[in-house]
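# Commentary on secondary and tertiary structure
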Amino acid sequence: MVLTLVSLEEGRLTASARGCLKPRAKLRYAAEPMNFGEYMLAGKGDRYIVTDCVQYDSFSPVTADIDKYYAACMILELLTKLSPESQPGIFLGAVKELKAMAYEGKDARSAACDFLLSALREGGNGLDFSVCADCGCILEGDAAFSDSDGIVCPHCAPWDAIRVDAASRAFIAGENRDVPEAIKIRAVMLLSDFLYRTQGVRPDSSYFKEQE
Ligand SMILES: [Zn+2]
């Protein structure tokens, strides 16, 4: 079995986990998804072998809640895709959201939303959902996303901008997180679309299929 690991210092790498798979294997947890720890690797290049692992956390409460589990999978999938090289800011953003879902009662959509915002920011595409990027007015109702300007008010929106409805905008901006599930899903879909348009990476369609 080949594991995909994402490291704070090295970014994405693969390692085989020969000793980790037998039911009684000492290192079985090292091959579990969402395992967070210090991996000891032997070898080099694309021929690493996991020789030991000190577990820091497995975020186990996340696996007990199906919505949190899907959100965590989406976060880790995007972290993996965004980390051909080391991406410490995105890495720490992912750990922060897994921890918040597991131990701080944060809901799945808010965690997905905040991770997407941090991935955009770390990728140099930080979006401000409170102020129009063009005229500087305070955004209160609808807004729009344009590839060239970011988030703008309806007056400044070019013809091909993508509409961001008022409820989704307020959710993303953190002004109102207490909204129906459908709005949260729409907000996360919008952000994931903006990440794709700016950084070329998006989650597998299965994440959003589960929401239908
Ligand atoms: Zn404006």
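The residue count restarts for each chain, going from 1 along the sequence in the order it is written. Only residues with pLDDT of at least 70 are given local features in this predicted model, and only at 80 or more are side-chain atom pairs given and counted; all residues enter the totals for whole chains, interfaces and linings. To get the side-chain values, take all heavy atoms of the structure and skip hydrogens and water.

## Brief notes about the pattern of salt bridges
A pairing counts as a salt bridge when a side-chain nitrogen of Lys or Arg comes within 4 Å of a carboxyl oxygen of Asp or Glu. Following the criterion strictly, the structure yields 12 salt bridges and no others. Through salt bridges that share partners, Glu-97, Lys-106, Asp-114 and Arg-177 make up one connected network.

## Side note on the confidence of the model for the protein chain
The predictor's confidence in any single residue is recorded as pLDDT, a number from 0 to 100. Of all residues in the protein chain, 96% have pLDDT values of 70 or greater, and the mean over the chain is 92. In this text, helices come from DSSP runs of H or I with a minimum length of four residues, and strands from runs of E with a minimum of two, each type numbered from the N-terminal end. The secondary-structure element of the protein chain with the lowest mean pLDDT is helix α7 (residues 205-209), recorded at 72, while helix α3 (residues 88-103) shows the highest, at 98.

## Some points on unusual backbone geometry
Positioned with a positive phi, Met-34 is a non-glycine residue whose angle comes to about 75°. Within the fold, Met-34 resides in the loop between β2 (11-16) and β3 (36-42). Located in the positive-phi region is Phe-59, a residue other than glycine, with phi close to 50°. In this fold, Phe-59 is placed in the loop between β4 (48-57) and α1 (60-63).

## A look at the coordination of the zinc ion
In the first shell of the zinc ion, the protein supplies Cys-132 (SG), Cys-135 (SG), Cys-153 (SG) and Cys-156 (SG), at 2.3 to 2.4 Å from the metal. Around the zinc ion sit 4 donor atoms, and with donor-metal-donor angles ranging over 103 to 115° the site reads as tetrahedral. Only nitrogen, oxygen and sulfur atoms count as donors, using a 2.8 Å cut-off from the metal that widens to 3.2 Å for Na, K and Ca. Water is left out, so coordination shells may look unfilled. Only two sets of limits are used to name each site, 85 to 135 degrees for every angle of a tetrahedral four-donor site, and over 155 degrees for opposite donors with all other angles from 65 to 115 for a square planar four-donor or octahedral six-donor site, with any other site named irregular.

## A word on the domain arrangement of the protein chain
Segmentation into domains, and thus their bounds, comes from an automatic or database assignment. Split into domains, the protein chain comes out as domain 1 (2-58) and domain 2 (61-209). Taken together, the contact pairs 11 residues of domain 1 with 18 residues of domain 2. Between domain 1 and domain 2, a total of about 1200 Å² is buried, with carbon and sulfur atoms accounting for 71% of that surface. Where domain 1 touches domain 2, the interface holds 0 salt bridges. Here a polar contact is taken to be a pair of N or O atoms separated by no more than 3.5 Å, where protein atoms must pair a possible hydrogen donor with a possible acceptor and residues adjacent in sequence count only if both atoms sit in side chains. The tally of links between domain 1 and domain 2 comes to 4 residue pairs in polar contact (both at pLDDT 80 or more). Elements with a contribution of two residues or more to the side of domain 1 that touches domain 2: β1 (2-7) and β2. At 3 residues, β1 tops the list of elements feeding residues into the side of domain 1 that touches domain 2. Three classes are used: nonpolar for Ala, Val, Leu, Ile, Met, Phe, Trp, Tyr, Cys and Pro, charged for Asp, Glu, Lys and Arg, and polar for all others, with Gly counted as polar. Its residues placed into classes, the side of domain 1 that touches domain 2 shows 4 nonpolar, 3 polar and 4 charged. A contact between two residues is defined here by any heavy atoms of the two lying within 4.5 Å. Here the quantity called buried area is the total loss of accessible area, with a 1.4 Å probe, experienced by two parts when brought into contact, counted for both.

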